[in-house]
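A look at the structure
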Amino acid sequence: MHARTWLLAAMALTLPAGCDDPTPPMGDPGETDAATEGGGSEAGDGSTGGEATDGSDGSQDGSSDDTAGESTGDGPSDGYPPEVEEVLDLPWPPYDYDEPLPAHFQAPPVQGMDNTPSDNEITDAGATLGRVLFYDRTLSANHTISCSSCHGQANGFTDTATFSEGFDGGLTGRNSMSIANARFYAPGHFFWDERADTLEDQVLMPIQNEVEMGLTLEELVDRVSAQPYYPALFEDAFGDPDVDTQRISWALAQFVRSISSYRSPWDEGIEAGGTPGGPFPNYSAQENRGKDVFFGPGRCAVCHLGQPGPPPPPGAPLPNVAIFMLNEAANNGLDAALVNDDNGLGDVTGDPGLNGVFKSPSLRNVELTAPYMHDGRFSTLREVIDHYDSGVEDHPNLDPRLRAPDGSPQRLNLSEADKDALEAFLRTLTDDALIEDPRFSDPFRE
Ligand code: HEC
Ligand code: HEC
């Protein structure tokens, strides 16, 4: 209420009567913080964290021009009002959340995996609002946790628990998933069992989950509407300060989709002209050996470097060298038969042919996302590798790619040196620039 009153008063001051220009009001020009932000003082922050502010001048307008639907993505021209400045450390102009990804992400097959819907393209103002919502503990029943509690930037946007603790100490039924590159999953479904049809649906589910955040959608809208820092952020993102669940969902989804991992040693190798078939100049001998295992005898790439269509014949160039995501959910032989508590897509769809079938998050940053699998059963990468080497179970739905030619579960018989090398290779998927990128960090001042 207070915020709305402020907003209307300020609109009256800045806009001629009857003008429907959505340009929101600016902060009190006498307010030191706001004035400094307007002067671009955040350039320092941006340069520390890499290219965060690169090209953000002006380019944010270009990237939001094509925005469909209700969202405008156009920010106010002169910075944030004091209500925002007091609580949030946001740069002005906003960070660039839709900067072009490197060439290996631009290949048409890779772009074809992008699940961004045409009515919710990423805008800088939309993702900025999503960032604030993602870190806002107001979104849990007792104000104790936010999305980031279980999807922490330092842990590759996941957490270190087998099952995560919700607002009231209850535990989730599955391991938290890394959300980096979630945008590039062609089926577009979310959660280990894919029960969310779209990311826009998914982002409202933890908020309503009784264990996780514990709010009704009505309470959510009330909570968000009551915070004085939101009207200006909604106005920037959507053209007016109205709060509703769809806008909350859109903004959160934009922020999640903006979390792209593209600056790991793997990416440097590809950008230096490396190919999956040959050694990378920036890799150690052991990392290159592990890369050979990943693509060759370890047979990891056939699933985890999802290729559109059937796998290309050996030696043919891979259409996707960017997205370490499955093509679709699969059974990777964790259990021999039906389990009591969790059969993944089988439970959701009622199709016995999908029992034990699960989605996997991206393998990027896997060094930081332990423990592993939907139930967090493996606490180290070595345990994961040992599973694929000698532990694959003969489930009726076991993926054929994990079977030997005679139909039995694969036994890779990797040497200890090969396992060490594979582990070293998996660590080259760690993207330190993402982990330190201020665009994805906690914007709250206290
Ligand atoms: C209490 C811990 C917790 C909180 C809080 C939480 N999550 Fe999650 N998140 C999880 C767990 C656990 C899963 C996997 C659940 C499953 O598959 O059943 C998950 C899965 C996801 C996925 C699916 C990723 C994929 O590739 O399918 C996304 C996206 C996500 N969370 C985003 C969010 C957002 C946005 C918020 C805040 C609105 C949030 N999470 C809050 C624990 C949490
Ligand atoms: C048949 C396709 C397939 C193959 C081949 C495969 N995986 Fe997986 N992988 C999966 C699936 C499906 C999951 C998720 C399973 C679950 O949790 O129920 C997964 C999960 C993982 C995870 C855990 C991810 C996380 O965030 O918890 C890691 C790590 C992993 N695989 C590494 C590998 C490595 C290394 C290889 C090669 C030795 C490999 N995978 C081969 C399908 C495959």
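Residues numbered from 1 in each chain as written. Chains lettered and ligands numbered in written order. Predicted model: local features only at pLDDT ≥ 70, side-chain atom pairs only at ≥ 80, totals over all residues.

A few words on the overall build of the protein chain. Across its full length, the protein chain carries 21 helices and zero strands. Counting every position in the protein chain, which comprises 446 residues, the buried fraction comes to 47%. (Helix = DSSP H or I, 4+ residues; strand = E, 2+ residues; numbered from the N terminus. Buried ≥ 20, exposed ≤ 12 C-beta atoms within 10 Å, placed from the backbone.)

Near ligand 2, the surroundings consist of 26 residues, among which Cys300, Cys303, Phe358, Ser360 and Asp399 are the closest. Looking at the shell around ligand 2, the elements with two or more residues in it are helix 17 (301–304) and helix 19 (381–391). Class assignment for the residues of the shell around ligand 2 results in 16 nonpolar, seven polar and three charged. (Near = placed C-beta within 6 Å. Nonpolar A, V, L, I, M, F, W, Y, C, P; charged D, E, K, R; others polar.)

Around ligand 1 sit 29 residues in total, of which Cys147, Cys150, Phe191, Trp192 and Pro206 are the nearest. Residue assignment for the shell around ligand 1 shows that the elements contributing at least two residues are helix 9 (147–150), helix 11 (205–208) and helix 14 (245–258). For the shell around ligand 1, the element with the highest residue contribution is helix 9, accounting for three residues. In terms of residue class, the shell around ligand 1 is made up of 17 nonpolar, eight polar and four charged.

Attention now goes to unusual backbone geometry. Looking along the chain, the bond that leaves Trp92 and enters Pro93 is cis, with omega of -5 degrees. Along the chain, Pro93 falls in the loop between helix 5 (82–87) and helix 6 (103–106). Between Ala370 and the following residue, Pro371, the backbone shows a cis peptide bond with an omega angle of -5 degrees. One non-glycine residue, His143, lies in positive phi territory at about 60 degrees. Within the secondary structure, His143 sits in the loop between helix 8 (124–134) and helix 9.

Before going further, it helps to spend a moment on the packing of helix 16 (residues 285–295) against helix 20 (residues 416–427). Closest axis-to-axis distance for the helix 16/helix 20 pair is 7 Å, and the angle between their directions is 95 degrees. By the criterion of interaxial angle, the relationship of helix 16 to helix 20 is roughly perpendicular. Seen from helix 16, the contacting residues are Gln286, Glu287, Arg289, Gly290, Lys291, Val293 and Phe294; seen from helix 20, they are Asp418, Asp420, Ala421, Leu422, Glu423, Ala424 and Phe425. When the residues that make up the contact of helix 16 with helix 20 are grouped by side-chain class, the tally is six nonpolar, two polar and six charged. (Axes fitted to C-alpha atoms, helices over the stretch in contact; angles between N-to-C directions. Parallel < 35°, antiparallel > 145°, perpendicular 65-115°, else oblique. Contact = placed C-beta atoms within 7 Å.)

Bringing the nonpolar core into the picture now. One broad trend across soluble globular proteins is that nonpolar side chains are buried collectively. Core analysis: the biggest nonpolar cluster contains 93 residues, and Leu129, Leu133, Leu233, Ala251, Leu252 and Val256 have the highest contact counts within it. Tallying contributions element by element places helix 14 first for this core, with seven residues. Residue contributions to this core reach at least three from each of two domains, namely domain 1 (2–260) and domain 2 (265–433). Ignoring sequence-local partners within four residues, the contact set of Ala251 consists of Gly126, Leu129, Gly130, Leu133 and Ala237. (Core = buried A, V, L, I, M, F, W, Y, C linked by C-beta atoms within 7 Å. Domains from an automatic or database assignment.)

Relative to the 16 Å expected for twelve residues at 1.5 Å per residue, helix 20 spans 17 Å between its end C-alpha atoms, a close match to the ideal helical length. Among all positions in helix 20, only Asp418, Lys419, Ala421, Leu422, Glu423, Ala424, Phe425 and Leu426 are buried. Those residues of helix 20 that are buried are in contact with helix 16 and helix 19. (Expected span 1.5 Å × (residues − 1).)

Okay, helix 13 (residues 230–238) next. Counting buried residues in helix 13 gives nine out of nine residues, a clear majority hidden from the surface. Every buried residue of helix 13 is accounted for by Tyr230, Pro231, Ala232, Leu233, Phe234, Glu235, Asp236, Ala237 and Phe238. One or two positions beyond helix 13, positive phi appears at Gly239, with a value near 95 degrees.

Residue placement: Ala180 occurs in the loop between helix 9 and helix 10 (199–202). Taking the C-beta count within 10 Å as the criterion, Ala180 has 28 such neighbours and is therefore assigned buried. Along the primary structure Ala180 and Asn365 are separated by 185 residues, whereas in three dimensions their C-alpha atoms are 8.5 Å apart. Ignoring any residue separated from it by four or fewer positions in sequence, one finds Ala180 in contact with Gly156, Phe157, Ile259, Ser261, Ser362, Arg364, Asn365 and Leu434.

With respect to the helices and strands, Arg427 occurs in helix 20. The exposure class assigned to Arg427 is partly exposed, which follows from the 17 C-beta atoms found within 10 Å. Sequence separation of Arg427 and Leu368 is 59 residues, and the distance between their C-alpha atoms is 8.8 Å.

With that out of the way, let us pick up the confidence of the model for the protein chain. For the protein chain, mean pLDDT is 86; residues scoring 70 or higher make up 83% of the total. Throughout residues 1–73 the model reports pLDDT below 50, and contacts reaching past four residues in sequence, or to other chains, amount to 120 contacts. (pLDDT = per-residue confidence, 0-100.)

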